[in-house]
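Examination of the molecular architecture
In case you want the letters, here they are:
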Amino acid sequence: MAAQEALATREFFAQHPVVRTRDMDEARHIVARKLCDHKLEINGRRSGLFVRHNAVTGKNISVNYLRYGADVTVDPGQLGSFYLFQVPLSGCANIRHRGEEMTATTEMGAILNPNRGAVLHWARDCSKLLLQVDKTQLEEVARSITGAPLPGPIRFQMQVDLTNGPGRQLKRLVMACAQATENGDLFAGQLAAKDLKAEEDLAHALLTLQPSNISHIIERSDRRANPREIRIAL
């Protein structure tokens, strides 16, 4: 319980701030430059708004910490060029995506696909780790696994059970990456071979641990062990 409370109050990557602001327009503008253009509206009282966005960027991924401090609605439409794995650290967020609806919590994460619209309602106490993965790189890793052209766009199942099985393992890998980054072991400056390997391992983990429309192809093709670099960090 103490570990969960510490995680809920922890602000990751504080040494890599993107924005600190109480101004909604400024927050939308700066967060959009890092992630993607979006609409941002405050639901109810504005007084609690204090946006904290920190991020560490590699070549094909970025790892972000984001908290709004107020009840807000975020409408990014289609992400376009990247997948977004969301791991709530505290609070909850209601998400509509691909005609489905769910509530993301510390026990249930979410993956947004780039070619489907999304609308998110963040509660005032919600903070998240966001793993942003470049679409082109993910497709390259998928082709390297299957050894064949892809049948079409990769579409992940939205809900990720963070408490059991593959979803729990996926969360542990992302948290290990975040901790390694905090320790200065990953993405500490000029990109090194271990950073690029970690990026590939994270993409590989998404493809092999989270159900998608190509899972059946991957299961026939992939017999590799769990990602080595992030296992070492973990």
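The present account deals with the structure reproduced in this document. Please read these numbers as outputs of a predicted model, since none were measured by experiment. As a convention, each chain's residues are numbered from 1 in the sequence order in which they are written. Where totals are concerned, whole chains, interfaces and linings use all residues; where local detail is concerned, this predicted model gives features only for residues with pLDDT of at least 70, and gives and counts side-chain atom pairs only at 80 or more. Where side-chain values are given, they derive from all heavy atoms of the structure, hydrogens and water being excluded.

A short note on the side chain of Gln-210
Numbered from the N terminus, helices here are DSSP runs of H or I no shorter than four residues, and strands are runs of E no shorter than two. Mapped onto the elements, Gln-210 comes out in the loop between α5 (193-209) and α6 (215-221). Think of it in three bands: with a 1.4 Å probe and only protein chains considered, a residue is buried below 20% of the maximum accessible area for its type, exposed above 50%, and partly exposed in between. According to the relative accessible area criterion, Gln-210 is buried, its value standing at 4%. In this structure the side chain of Gln-210 is engaged in a polar contact, spanning 3.0 Å, whose partner is the backbone oxygen of Gln-159. Working rule for contacts: check all heavy atoms of both residues, and any pair within 4.5 Å makes them a contact. In contact with Gln-210, other than residues within four places in its own chain, are Ile-111, Phe-156, Gln-157, Gln-159, Val-160, Leu-170, Ala-205 and Ser-215. Within 3.5 Å is the distance limit for a polar contact, defined as a pair of N or O atoms, with the added protein rule that one can donate a hydrogen and the other accept it, and that residues adjacent in sequence qualify only through two side-chain atoms.

Let's talk about helix α4 (residues 165-182)
Expected span, for any helix, means 1.5 Å times one less than how many residues it has. In this model, α4 (18 residues) spans 26 Å end to end at C-alpha, consistent with the 26 Å of a helix rising 1.5 Å per residue. Residues Gly-167, Leu-170, Lys-171, Leu-173, Val-174, Met-175, Ala-176, Cys-177, Ala-178, Ala-180 and Thr-181 constitute the buried set of α4. Trailing α4 by a residue or two, Gly-184 shows a phi angle of about 85°, which is positive.

Notes on empty space enclosed by the protein
With a 1 Å grid spanning the protein atoms alone, the term cavity applies to any set of points in which a 1.4 Å probe fits but cannot get out, the term pocket to an open set with protein on both sides within 12 Å along at least five of seven lines, and the term lining residue to any residue with an atom within 4 Å of a point. Grid points are joined across faces, edges and corners, and a volume is the space filled by probe spheres set on the points. Summed over all chains, the structure comprises one cavity of 30 Å³ or more. In this structure, the largest cavity occupies an estimated 160 Å³ of space. Along its surface, the largest cavity is lined by 15 residues, and Leu-35, Val-74, Pro-76, Leu-84 and Leu-120 are the ones closest to its centre. Contributing elements (two or more residues each) for the lining of the largest cavity: β5 (72-77), β6 (82-90) and β10 (118-122). Considered class by class, the residues forming the lining of the largest cavity number 13 nonpolar, two polar and no charged. Three residue categories are used. Nonpolar comprises Ala, Val, Leu, Ile, Met, Phe, Trp, Tyr, Cys and Pro, charged comprises Asp, Glu, Lys and Arg, and polar comprises the others, including Gly.

Describing the nonpolar core
Grouping buried Ala, Val, Leu, Ile, Met, Phe, Trp, Tyr and Cys residues that are joined through side-chain atoms within 4.5 Å yields what is termed a nonpolar core. In terms of nonpolar packing, the biggest core is built from 40 residues, with Phe-85, Leu-138 and Leu-207 touching the most fellow members. For this core, the elements supplying multiple residues, two or more each, are β4 (61-67), β6, β11 (127-134), α3 (135-146), α4 and α5. Aside from chain neighbours lying at most four places away, what touches Phe-85 is Ala-110, Ile-111, Leu-129, Leu-130, Leu-131, Val-160, Leu-162, Leu-170, Val-174 and Leu-206. Judged by nonpolar contacts, the second largest core, of 31 residues, contains Val-31, Leu-49, Leu-79 and Cys-126.

As for the pairing of strand β8 (residues 100-104)
Between any two strands, pairing holds if DSSP finds at least two bridges. Pairing of strand β7 (residues 93-97) with β8, which is carried by five bridges, proceeds in the antiparallel orientation. Bridged to Ile-95 within β8 is Met-102. What sits between β7 and β8 in their antiparallel hairpin is a turn of two residues, with Arg-98 showing a positive phi close to 60°.

A few points about the sheet that holds β6
If you walk across this open sheet you meet the seven strands as β1-β3-β4-β11-β6-β9-β12, and the pairing is antiparallel. Strand pairing shows two members of the sheet lacking a second neighbour, β1 (17-21) and β12 (159-161), which therefore form its edges. Across the sheet, the mean angle from the axis of one strand to that of its neighbour is 20°, orientation sign disregarded. Two strands pair when backbone bridges link them, and β6 and β11 are joined in this way by eight bridges, in the antiparallel orientation. The residue of β11 that forms the bridge with Phe-85 is Leu-131. Fitting a line to C-alpha atoms yields each axis, with helices limited to the stretch in contact; the angle taken between N-to-C directions then spans 0 to 180 degrees. Docked against the sheet, α3 engages β6 and β11, running at close to 65° with respect to β11.

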